[in-house]
Amino acid sequence: MTRPDATPVASHFIDGAYAEDASGTPIPVIYPATGETVATVHAATPEILERALTSAERAQAEWALADPVERGRVLRRAADLIRARNRELSVLETLDTGKPLQETLVADATSGADALEYFGGLAADVTGTSMRFGGDWAYTIRRPLGVCAGIGAWNYPTQIACWKAAPALATGNAMVFKPSETTPLCALKVAEILIEAGLPAGLFNVVQGAGEVGAALTTDPRVAKVSLTGSVPTGRKVAAAAAGGIKHVTMELGGKSPILVFEDADLEDAVSGAINGNFYSSGQVCSNGTRVFVHESLHDAFLDRLRARLGGVVMGDPLDEATNFGPITTAAQANLVMRHIATAEAEGATVAIGGARLDRAGYWIEPTVLTGLSDDMTCVREEIFGPVMSVLTFADEDEAVERANATEFGLSAGLFTSDLARAHRVVAQLRAGTCWINQYNLTPAGMPFGGSRASGIGRENARMAMDHFTEVQTVYVGMGPVESAF
Ligand code: NAD
């Protein structure tokens, strides 16, 4: 299939227009399906960062005072434009990440549009409260934080940009967004579309670069909040740096989430949930349920169905809509995944399904299922961020809960059962920010999403994301007289 041109107009998007400074370090954009370089962008220089922050600060002061109905209208227009251009954006997402077009057409720009539409609808509904103290009273105002930094991971470049921009802009903030250096293209399109929708220049700027550009944003005194999507080690660094400036943070980090399949589960649904929670986006999803605890009575049937269903995997050209499984996004990540599989085998695991790297250009790894595991093995403890499912067995509910919780992470969890009382009893004991009962990995814009423990702080989506982009100003109103001691 002919590959469309992915070259962006320029590397950055600042103050309403594309911007370039070719003296910044070149960053190749590699199409993971073939390993070819399809574009090059340049990392932000100090001058580029300065322009981004100055324009954001200027634009935010006015935007904070704008009619929130108008703010919402702009976001909803952007949602419509994204939907109208879904195919073009999905192709770009596929070139940026390698994810198959079959998937990007329904999961990426569309999810970004949902967030813009959702927060566009809520923009005019940011309210305070009031309280009485005898004759006196007080009220609260929710104020925007100011200029916020968004820092993205490489697995969902369009969605992450929109999930951060939408609540930030709806509540009157500006955002300087730094995409992952691996997938720099999609956020530029989001910026372009926001301008086309009527967003005033400077409110959503995109700057490219690796960790040092993210670090410069995090420590800049003009930045009031940092919203990061990334790994736990990066989260620790960014949260620590932000703490130096007493800044707000939202941390959407990694996980090693459990899926519990009880003996009374609908087997086909449980297998579907485990497939979605391990192999969608070739396993590069933070909330994936990579520790699948299957009741011992179901183990063989579960594996049989899994093997049969994985026979339907098509690892072809990602731009061909018949392809349903793509490559890993980077060479380094593909190498890491293969090392994890080798370590698992060395520690005694059985590769029950898949396990091989394809002998072709690009970064292709088969969907892989590991069995014969114990909870202390590396593959069961560490986030792999690739298409590797660990299947474990359990005998009873208490054991399943205890083992599911035996991790430093706490992003997500899922369970499959036909016993509703058990479902709610178990879910209440799981230490995870986002849980699914008889479903997995669905994240509608109206549902809070995020992690507990090492997996993060704060929530994206839903009304509560707007709380994370605002702060409360309290106003005490004295109705007199004023008493004083002397
Ligand atoms: P990463 O942590 O390597 O990088 C994330 C972003 O942080 C990148 O833009 C990177 O340039 C930037 N960065 C790195 N060092 C920095 C520093 N010192 N200061 C500021 N910014 C810095 O993550 P990744 O490899 O791009 O993405 C994969 C990880 O992201 C996985 O752990 C995955 O679970 C996680 N993730 C979490 C969510 C979620 O919502 N919880 C969603 C997607 C991905």
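Our subject is the structure listed above.
Everything numeric in this text was worked out from a predicted model, so none of it was measured. (Residues numbered from 1 in each chain as written. Predicted model: local features only at pLDDT ≥ 70, side-chain atom pairs only at ≥ 80, totals over all residues. Heavy atoms only, no water.)

Enquirer: Would you take a moment to explain the overall build of the protein for this structure?
Expert: For the protein, the helix and strand inventory stands at 16 helices and 20 strands. For the protein, whose C-alpha radius of gyration is 23 Å, the value lies close to the compact-globule estimate of 23 Å for 486 residues. Looking at the protein as a whole, 56% of its 486 residues qualify as buried. Carbon and sulfur atoms make up 54% of the accessible area of the protein, which totals about 18700 Å². Counting 38 positive and 57 negative side-chain charges, the protein places the centres of these two groups 4 Å from one another. (Helix = DSSP H or I, 4+ residues; strand = E, 2+ residues; numbered from the N terminus. Rg over C-alpha atoms; globule rule 2.2 N^0.38 Å. Buried < 20%, exposed > 50% of the residue type's maximum accessible area, 1.4 Å probe, protein only. Areas by Shrake-Rupley, 256 points an atom, 1.4 Å probe, with all protein chains shown as cover. Lys, Arg positive; Asp, Glu negative; His and termini not counted. Charge placed at Lys NZ, Arg CZ, Asp CG, Glu CD.)

Enquirer: I tried to follow the pattern of salt bridges on my own but got confused; where do I start?
Expert: Pairs can form between side chains of opposite charge whenever their charged atoms are close. By the definition in use, this model includes 29 salt bridges. Between Glu192 and Arg85 there is a salt bridge, with the nearest N and O atoms lying 3.3 Å from each other. Pair noted here: Glu192 is in helix α7 (residues 186-196) and Arg85 is in the loop between α2 (68-84) and α3 (86-97), with a separation of 107 residues, a long-range link. In this structure, Arg309 engages Glu268 in a salt bridge whose closest nitrogen and oxygen atoms are separated by 2.8 Å. Of this pair, Arg309 sits in helix α11 (residues 299-310) while Glu268 sits in helix α10 (residues 267-279), and the two are 41 residues apart along the sequence. Looking at Arg309, the relative accessible area reads 29%, which means it is partly exposed. (Salt bridge = Lys/Arg side-chain N within 4 Å of Asp/Glu carboxyl O.)

Enquirer: Can you help me understand the packing of aromatic side chains in this one?
Expert: Two aromatic rings are characterised by how far apart their centres lie and by the angle between their planes. Counted according to the given criterion, the structure contains nine aromatic pairs. On the numbers, 6.1 Å between centres and 15° between planes, the contact of Phe133 with Tyr476 is stacked. A residue pair is termed long-range when its members are at least 10 positions apart, and Phe133 in strand β5 (residues 130-133) and Tyr476 in strand β20 (residues 470-477) qualify at 343 residues. Judged by relative accessible area, Phe133 falls into the partly exposed class, the value being 44%. With relative accessibility at 52%, the residue Tyr476 sits in the exposed group. Over the aromatic face of Phe469 sits the side chain of Lys225, whose NZ or CZ is 4.5 Å from the ring centroid. Residue placement shows Arg360 over the ring face of Trp364; its charged tip is 4.5 Å from the ring centre. (Phe/Tyr/Trp six-rings, centres within 6.5 Å; stacked < 30°, edge-to-face > 60°. Lys NZ or Arg CZ within 6 Å of the ring centre and 35° of its normal.)

Enquirer: Where do I start with the sheet that holds strand β14 (residues 350-353) in this structure?
Expert: To summarise the sheet geometry, strands pair through backbone hydrogen bonds and adopt either a parallel or an antiparallel arrangement. What the seven strands build is an open sheet, ordered β14-β15-β16-β13-β12-β17-β18; its pairing is mixed. The strands lining the two open edges of the sheet, one partner per strand, are β14 and β18 (434-437). Between one strand and the next, the sheet's axes are offset by a mean angle of 25°, whatever the strand orientation. Along the sheet, helix α15 (residues 420-427) makes contact with β12 (258-261), β17 (412-416) and β18, crossing β18 at roughly 170°. (Pairing = 2+ DSSP bridges. Axes fitted to C-alpha atoms, helices over the stretch in contact; angles between N-to-C directions. Contact = heavy atoms within 4.5 Å.)

Enquirer: Before we go on, may I ask you to explain the side chain of His340 in this structure?
Expert: Relative to the elements of secondary structure, His340 occurs in helix α12 (residues 331-346). Among the residues examined, His340 registers a relative accessible area of 8% and is labelled buried. The contacts of His340, once residues within four sequence positions are left out, are Thr378, Glu382, Glu383 and Ile384.

Enquirer: Whenever I open this one, the side chain of Asn288 confuses me. Can you help?
Expert: Looking at the secondary structure, you find Asn288 in the loop between α10 and β13 (291-295). Here Gly283 takes part through its backbone oxygen, which lies 3.2 Å from a polar atom of the side chain of Asn288. If we skip the residues at most four places from it in the chain, Asn288 touches Ser257, Asn276, Gly277, Asn278, Gly283, Tyr440 and Asn441. (Polar contact = N/O pair within 3.5 Å; in protein donor to acceptor, adjacent residues only side chain to side chain.)

Enquirer: What is the right way to read the nonpolar core from this model?
Expert: The tendency in soluble globular proteins is for nonpolar side chains to be buried side by side. Membership of the largest hydrophobic core comes to 114 residues, with the highest contact counts inside it found for Phe204, Phe302 and Leu306. Among all residues touching Phe204, those that are not within four sequence positions of it are Phe13, Ala161, Ala165, Leu169, Met175, Phe177, Ala187, Val190, Ala191, Leu194 and Leu199. Ala349, Leu373, Cys379 and Leu392 belong to the second-largest nonpolar core, a separate cluster that totals 29 residues. (Core = buried A, V, L, I, M, F, W, Y, C linked by side-chain atoms within 4.5 Å.)

Enquirer: Explain the site of the ligand to me, please; I cannot follow it from the model alone.
Expert: The environment of the ligand is made up of 28 residues, and the closest members are Gly152, Glu181, Ser231, Thr234 and Glu383. Between an oxygen atom of the ligand and a main-chain N or O atom of Gly230, the distance comes to 3.2 Å. Contacts to the ligand include Thr234, whose side-chain N or O atom sits 2.6 Å from an oxygen atom. Taking 850 Å² as the accessible area of the ligand by itself, protein coverage stands at 87%. Listing elements by their share of the shell around the ligand, those giving two or more residues are α8 (211-219), β10 (223-229) and α9 (232-244). By residue class, the composition of the shell around the ligand is 13 nonpolar, ten polar and five charged. (Near = heavy atom within 4 Å. Nonpolar A, V, L, I, M, F, W, Y, C, P; charged D, E, K, R; others polar.)

This is a description of form; function is not addressed.
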